[in-house]
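Working through the structure, step by step
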Amino acid sequence: MKVLKFGGTSVRDFERISRVADIVRSAAKESPVAVVVSALGGITDQLLAAATASLDGEEEFVQICDIMQSRHEEVVAQIEDADDREALLATVGECIGELKMILAGVSLVHECSPRTRDKVLSVGERLSSQLVAAVLRQKGTPAQACDARALVVTDRAFGSAAVELETTYARVREHFADARDLQVVTGFLAATPEGETTTLGRGGSDYTASLLGAALEAESIEIWTDVDGVQSADPRRVEGAFSLDQLSYDELLELSHFGAKVVYPPTVHPARKAAIPLVIKNTLNPTFPGTRVVEAADASEHIVRGISSISRIALVRLEGDGMMGIPGTAGRLFRTLADGGINVILISQASSEHSICIAVDPERAGEARTLVHREFDRERDIGLIDDLIVDENLSIVAVVGSDMNDRPGISGRLFDALGRAGINVRAIAQGSSELNISLAVSADDETLTLRTLHDAFFAETRRHLFLLGVGGVGSALLEQLRQTDVFAGWSLSGVANSRRMSLDRGRLDRTTWSPALIDPSEPPDTSEPADLEALASFILTTPGRRIVIDCTASDELVPLYARLLEGGVSVASANKKPFAGAQSDWDRLVAAQATGGGRTYYESTVGAGLPVVRTLQDLVVTGDRLEQVEGLFSGTLGFLTYRLRGGAAFSEALKEAHDLGYTEPDPREDLSGMDVLRKLLILARLGGARLEPDDVALDPLLPAGDWWDLELDELWRRLPDVDAGIAERVAEAAARSRSLTFLARWNEDSATVTVDDVAADHPAASAVESENLFAFTTARYRDRALVIRGPGAGAQVTAAGVFADLVHAAAEGGRS
Ligand code: ADP
Ligand code: ASP
Ligand code: MG
């Protein structure tokens with residue numbers, strides 16, 4: 001038997017409930033299951049809001065009820081079986097009708113007791129369980145909603161009732177012994193022995209699941225929510241938080257006690273007592289293993305497991321010169337608070353006993369003050385004890401990990417990090433088990449404290465991208481990255497072009513993946529003048545996994561690459577130049593990878609998004625030998641010759657290619673044949689050849705001239721001058737039934753990049769538009785070459801090639 005609990009986020013609407021049903025059905029194939037559900041996401045909050053509105057005598061509660069009614073009806077509308085649908089509609093109508101009556105009563109008498117409030121809150125789970133059961137039935141699983149008020153028995157502490165375990169377990173067992181259909185149980189709800197509705201405290205559905213699990217001796221209790229299990233910190237507040245695969249019950253208890261809302265703290269007890277693992281899983285990512293909580297979790301690579309926080313607390317300080325002399329002060333203080341039902345979240349006492357500091361819910365702080373003043377009335381009169389000092393605007397941040405106890409230096413690291421961030425600690429407490437260190441800080445500093453400590457303890461797990469070059473390809477890449485969540489766990493920690501750069505020095509919003517980061521006119525301006533040296537040392541001193549993306553066309557980056565690779569940083573590059581310069585530069589990059597552990601990825605330097613580089617690498621690494629590579633390596637020149645063959649004038653075809661984004665920013669790079677030459681060098685070198693750029697015989701498409709001396713607009717004006725000459729070459733080839741094309745070839749005898757004409761049956765003759773073609777003749781592919789062809793130009797496909805490189809780099813390259 002397994003118990004599966006689905007939280008409000010998992011049952012928000014029909015689509016989510018449908019996922020839930022699929023998860024349940026697939027679990028039910030393995031073993032029997034019991035399901036526990038929360039109210040539809042947000043409904044409990046709305047019920048509370050309705051109760052408050054009616055208490056204030058506002059008619060708004062009626063609207064809130066209507067909104068809730070339609071949310072449930074929207075789900076019901078998706079139920080295909082007419083009988084089921086009608087019955088559900090009636091149930092929703094009845095429940096909301098009853099709710100409105102209660103609330104109308106509240107608004108009349110201006111009173112909403114905790115008992116009434118629990119009745120109001122019960123509507124959420126009573127309805128959601130019916131809906132989930134109906135969707136399960138629709139998918140073919142006989143299922144029945146079960147009201148936990150018949151199972152879970154509590155005292156009369158409405159709002160947060162205490163469970164009578166034995167009676168509850170007995171009732172649960174009895175109910176499940178008779179149940180034939182799959183049971184969809186209302187979480188959160190319970191009842192007194194007399195049958196009055198109670199609730200188990202906000203987030204209490206988790207607890208219901210644990211109670212059921214313990215009663216039924218389940219093999220596991222799965223808490224399904226909207227995140228990948230318990231994370232090192234609340235992912236909504238701390239970017240870079242990551243999922244924990246294991247936790248001990250103790251650690252989960254500490255994290256949840258100190259605010260990690262993902263599991264309601266009382267949940268731990270029944271599971272632990274029955275030695276049942278709690279598994280926290282993600283409904284939106286069901287195949288992810290999630291977090292397994294057991295008695296003794298495997299040792300982790302991190303000393304600290306997680307960091308959590310409680311947003312609003314009040315710190316209450318009892319102090320006075322005479323306190324040391326008064327026996328039992330602490331005892332009296334705590335008894336007084338306990339008698340007043342005030343929960344103490346944290347205690348810290350200076351060893352001098354001169355002062356005791358405790359954290360409580362700020363809503364109870366005033367009451368605490370009155371109670372304590374009354375208790376110490378006499379001592380205050382004679383000046384032994386001062387008035388209680390209450391400081392309200394505070395938060396508690398807790399650092400949790402059971403391995404902390406035998407490792408020195410944790411608090412040093414903690415205070416050092418807080419000191420550097422300028423965070424003032426108002427109180428600190430460390431349990432004697434050393435499982436947790438908790439700090440009170442100003443509420444304004446809460447998020448900063450979480451992030452600072454997360455960085456201090458887990459920086460090595462942070463993952464950073466740095467983007468150089470934000471032109472066509474760089475911007476397209478950012479857009480592509482933004483549109484998927486493949487790199488969701490990564491930060492964009494730096495962006496630069498040749499003029500400006502923006503580095504994550506604390507002010508950069510790492511989630512804004514936009515070229516605007518280096519635009520000084522876009523507020524908030526985080527940019528500074530570009531400085532390659534400062535950039536390099538910033539990247540190299542950033543802890544964690546790092547990948548640098550080069551979308552520039554700069555030929556000055558080999559020294560930077562070498563330093564990065566030696567520092568364990570991987571480089572994904574769309575820039576050919578670092579790989580196509582002198583042979584000694586290539587050798588330097590190879591050596592840097594071998595010593596430093598960083599790796600280079602440059603699929604899009606050849607054939608844009610086509611899988612050319614990796615295919616050749618795979619051939620070579622598996623023992624094949626490159627004998628010749630030949631083809632049409634330039635989408636631009638391919639496009640040009642294709643258009644020329646179709647009768648277009650050269651200058652017009654070039655302009656068209658430029659406007660389509662097929663050319664380099666400066667089209668002479670293409671026309672000179674240098675771009676093709678670089679690709680040929682890269683492929684030949686990947687095949688093991690050692691050669692210099694000068695070893696390649698180059699016959700460019702442009703006739704000789706002073707082309708490189710011209711400004712760009714002058715170049716565009718003068719280009720039509722060559723149209724006639726080129727048209728003649730095309731016609732000449734056609735007259736011989738051949739096609740003009742632009743071929744690159746390397747083999748052991750020669751390396752050439754030339755305008756050539758090929759026979760009509762040559763693959764290059766049939767290439768259309770901007771198609772690229774690569775034909776590899778190898779020891780294995782000797783009789784017929786291995787050919788890769790397809791569109792090989794354009795910012796989008798090039799960016800997609802870099803994206804693929806990034807995925808590989810993230811999976812395998814570099815080190816922290
Ligand atoms: P459910 O509706 O499934 O019960 P909750 O909202 O109660 O979901 O709990 C899940 C939320 O808990 C997450 O969305 C996350 O924002 C928050 N949370 C806080 N701390 C943590 C943490 N350490 N790990 C995971 N989630 C956390
Ligand atoms: N619906 C209840 C709440 O929002 C119980 C739960 O979701 O666990 O607190
Ligand atoms: Mg919850």
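The present account deals with the structure reproduced in this document. Keep in mind that what you see is a predicted model, and the values were worked out from it rather than measured. (Residues numbered from 1 in each chain as written. Chains lettered and ligands numbered in written order. Predicted model: local features only at pLDDT ≥ 70, side-chain atom pairs only at ≥ 80, totals over all residues. Heavy atoms only, no water.)

On to the nonpolar core, then. Residues L453 and F457 are the most contacted members of the largest nonpolar core, which totals 77 residues. The contact partners of L453, leaving out residues within four places of it in the chain, are I307, V397, V399, L414, L418 and L439. Of all hydrophobic cores here, the second largest spans 72 residues; its members include M501, L619, L683 and V696. (Core = buried A, V, L, I, M, F, W, Y, C linked by side-chain atoms within 4.5 Å. Buried < 20%, exposed > 50% of the residue type's maximum accessible area, 1.4 Å probe, protein only. Contact = heavy atoms within 4.5 Å.)

Moving on, we get to the site of ligand 1. Taken together, 18 residues surround ligand 1, and among them T225, D226, Q231, R236 and K261 come closest. Taking K5, its side chain carries an N or O atom lying 3.2 Å from an oxygen atom of ligand 1. Against a free-state accessible area of 570 Å², the protein chains account for coverage of 92% of ligand 1. The class makeup of the residues in the shell around ligand 1 is seven nonpolar, six polar and five charged. (Near = heavy atom within 4 Å. Polar contact = N/O pair within 3.5 Å; in protein donor to acceptor, adjacent residues only side chain to side chain. Areas by Shrake-Rupley, 256 points an atom, 1.4 Å probe, with all protein chains shown as cover. Nonpolar A, V, L, I, M, F, W, Y, C, P; charged D, E, K, R; others polar.)

Moving on, we get to the site of ligand 2. In the region of ligand 2, the neighbouring residues are S38, A39, T44, E125, F188, R202, G203, G204 and S205. S38 is positioned with one of its side-chain polar atoms (N or O) 3.0 Å from an oxygen atom of ligand 2. A total of 260 Å² of accessible area belongs to ligand 2 in isolation, and the protein chains cover 87% of it.

The next subject is the environment of W716. Tracing the backbone through its elements, the reader meets W716 in helix 24 (residues 712-718). The spacing of W716 and K655 is 61 residues in sequence and 8.3 Å in space, taken between C-alpha atoms. Aside from chain neighbours lying at most four places away, what touches W716 is L654, K655, H658 and P667. (Helix = DSSP H or I, 4+ residues; strand = E, 2+ residues; numbered from the N terminus.)

Inspection of the entire model under this criterion finds 49 salt bridges. Among the salt bridges present, the one from R202 reaches D45, with a minimum N-O distance of 3.1 Å. Linking R202 in the loop between strand 6 (197-199) and helix 7 (205-215) with D45 in helix 2 (residues 43-55), this pair joins segments that are 157 residues apart in sequence. When the shortest N-O distance is used, the salt bridge between R614 and E603 registers 4.0 Å. One end of the pair, R614, is in helix 19 (residues 613-621); the other, E603, is in the loop between strand 23 (600-601) and helix 19, with 11 residues separating them in the sequence. Accessibility assignment for this pair places R614 and E603 in one class, buried. Here the residues in one salt-bridge network are R115, R156, E194 and E196, joined through shared partners. (Salt bridge = Lys/Arg side-chain N within 4 Å of Asp/Glu carboxyl O.)

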